[in-house]
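Observations on chain architecture
Spelled out from the first residue to the last, the chains are:
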Amino acid sequence: MTITIFSCSMHPMSRSYVLARQAEENLKAHDVDVRFHDLRDYDLDFCGQPEARDNPDVKVLRDSVRDSAGILMAMPIYNFYVNAAAKNLIELTGRAWIYKLVGFMCAAGGQASYMSVMNIANSLMLDFRCLVVPRFVYATDDAFGNDRTEDMFVEDEGILERLRELTDMTVKLATAVEPIIETLPERKGRT
Ligand SMILES: Cc1cc2nc3c(=O)[nH]c(=O)nc-3n(C[C@H](O)[C@H](O)[C@H](O)COP(=O)(O)O)c2cc1C
């Protein structure tokens, strides 16, 4: 079973990237294949530009979504929403998300934006019938040691525990629902 992690921040010293790497570390305790995509490594156009979806980088990302039982997205909160790169990823890869299990890790400047991830959760649920892992991680700058340096790490015990819960629950739910999802016509006939 494959779990894909997308790190969606473009910041060179990203906090959500550190959350994503910690989730990857947690998943090593489970019998799953983990794919890690850092969107800073990809040269993506904005969805809507001609041929944006034909970019070979998009195919790599789309294939990972398609091959995965579960997807974890690590994202910054910008203007009370996930950042544009995260939204663009979903727009470019589209129907590959149908019936995927999706979990979220967010880095934010303050506590006031904690429900900002719901917009993307709603659209994934309604548009692509995604199942959302009912545990999400929301971390502000004080959760990180050596903040905004090469040696940054998740320091806050509460956030570490939430990351463990997120990764454990993602594996458990993906294992439980994958056999059901695989029988659905939308997934059987996927291209
Ligand atoms: C353009 C911009 C908009 C932001 N908007 C919000 C916001 O609405 N709510 C919030 O809590 N933090 C906001 N922040 C702070 C970021 O979420 C915070 O710096 C976070 O750590 C970024 O994640 P990253 O380090 O993974 O890039 C904003 C930052 C930027 C640059």
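In this text the structure is predicted, and so the values were computed from the model without any measurement. (Residues numbered from 1 in each chain as written. Predicted model: local features only at pLDDT ≥ 70, side-chain atom pairs only at ≥ 80, totals over all residues. Heavy atoms only, no water.)

**Thoughts on the environment of Y78**
Worth spelling out the cut-off: By the criteria applied, helices consist of DSSP H or I runs no shorter than four residues and strands consist of E runs no shorter than two, each listed in order from the N terminus. A simple rule labels every residue: compare its accessible area, found with a 1.4 Å probe on the protein chains alone, to the largest value its type can have, and call it buried under 20%, exposed over 50%, or partly exposed in between.
Among the structural elements, Y78 can be located in strand β3 (residues 70-78). Of the residues examined, Y78 reaches a relative accessible area of 47% and is grouped as partly exposed. Once the C-alpha coordinates of Y78 and F104 are considered, the two residues, 26 residues apart in sequence, prove to be 15 Å apart.

**Describing helix α4 (residues 118-128)**
Structural remark: α-helix, 3.6 residues per turn; residues separated by three or four positions point the same way. What counts here: Summarising the geometry, the arc corresponds to the directions from the helix axis toward the C-beta atoms. Residues are treated as being in contact if the distance between any of their heavy atoms lies within 4.5 Å.
Taken together, the buried positions of α4 are occupied by I120, A121, L124 and F128. Taken around the axis of α4, the buried residues stretch over an arc of 105°, which confines them to a single face. Next to the buried residues of α4 lie β4 (81-82), α3 (84-93), β5 (101-107) and β6 (131-132). A positive phi of about 55° marks R129, the residue just after α4.

**Brief notes about the environment of M105**
By the element assignment, M105 lies in strand β5. On the basis of relative accessibility, which here comes to 0%, the residue M105 falls in the buried class.

**Some thoughts on the pairing of strand β2 (residues 33-38)**
To keep things clear, this is the line we draw: In short, DSSP must find at least two bridges between two strands for them to pair. When the strands point away from the viewer, a crossover counts as right-handed if the route from the first strand across the helix to the second turns clockwise.
Both strand β1 (residues 2-7) and β2 contribute to a ladder of six bridges, which runs parallel. Counterpart to I5 in the pairing with β2 is F36. At this point the chain moves from β1, through helix α1 (residues 15-27), to the parallel β2, and the crossover so formed is right-handed.

**Quick look at the site of the ligand**
Here is the rule we go by: Any residue with a heavy atom positioned within 4 Å of a molecule or strand is treated as near that molecule or strand. Distance and chemistry together define a polar contact, namely a pair of N or O atoms within 3.5 Å, with one atom able to donate a hydrogen and the other to accept it when in protein, and with adjacent residues in sequence counting only for side-chain atoms on both sides. Three classes are used, and their members are as follows: Ala, Val, Leu, Ile, Met, Phe, Trp, Tyr, Cys and Pro are nonpolar, Asp, Glu, Lys and Arg are charged, and the others, Gly among them, are polar.
Close to the ligand lie 17 residues; S9, S16, I77, S113 and R148 are nearest. Interatomic distance of 2.7 Å between a side-chain N/O atom of S14 and an oxygen atom of the ligand. Take S113: an N or O atom from its side chain is 2.7 Å from a nitrogen atom of the ligand. For the shell around the ligand, the element with the highest residue contribution is β3, accounting for three residues. Partitioning the shell around the ligand into residue classes produces seven nonpolar, eight polar and two charged.

**Focus on the state of the cysteines**
Rules: Two cysteine sulfurs form what is called a disulfide whenever their separation falls within 2.5 Å.
Enumeration according to the criterion identifies zero disulfides in this entry. The cysteine C47 is free of any disulfide, with C8 supplying the nearest cysteine sulfur at 15 Å. Here C106 stays free of any disulfide, with the sulfur of C8 as its closest cysteine sulfur at 9.8 Å.

**Brief notes about the environment of P134**
With respect to the helices and strands, the residue P134 is situated in the loop between β6 and β7 (137-139). It is 9.4 Å that separates the C-alpha atoms of P134 and V102, two residues lying 32 residues apart in sequence.

**Focus on a negative patch on the surface**
Put simply, the test is: Patch membership requires over 30% relative accessible area and the absence of a salt bridge. Like charges are linked within 9 Å, and nonpolar side chains (Val, Leu, Ile, Met, Phe, Trp, Tyr) within 5 Å. Only the protein chains shown count as cover for residues, with accessible areas throughout obtained via the Shrake-Rupley method and a probe of 1.4 Å. Put simply, a salt bridge is a Lys or Arg side-chain nitrogen that is within 4 Å of an Asp or Glu carboxyl oxygen. Counting rule for charge: Lys and Arg are taken as positive, Asp and Glu as negative, and neither His nor the chain ends is counted. For the purpose of locating charges, the reference atoms are NZ of Lys, CZ of Arg, CG of Asp and CD of Glu.
On the surface, a cluster of negative charge is contributed by D141, D142, E155, D156 and E157. Within the secondary structure, D141 sits in the loop between β7 and β8 (144-145). The partly exposed category is assigned to D141, whose relative accessible area is 36%.

**Side note on unusual backbone geometry**
If you check the backbone angles, N79 has positive phi at about 45° while not being a glycine. With respect to the helices and strands, the residue N79 is situated in the loop between β3 and β4. The phi torsion at R129 lies on the positive side, around 55°, for a residue other than glycine. Turning to its location among the elements, R129 is positioned in the loop between α4 and β6.

Take it as geometry only, folks, not as evidence of what the structure does.
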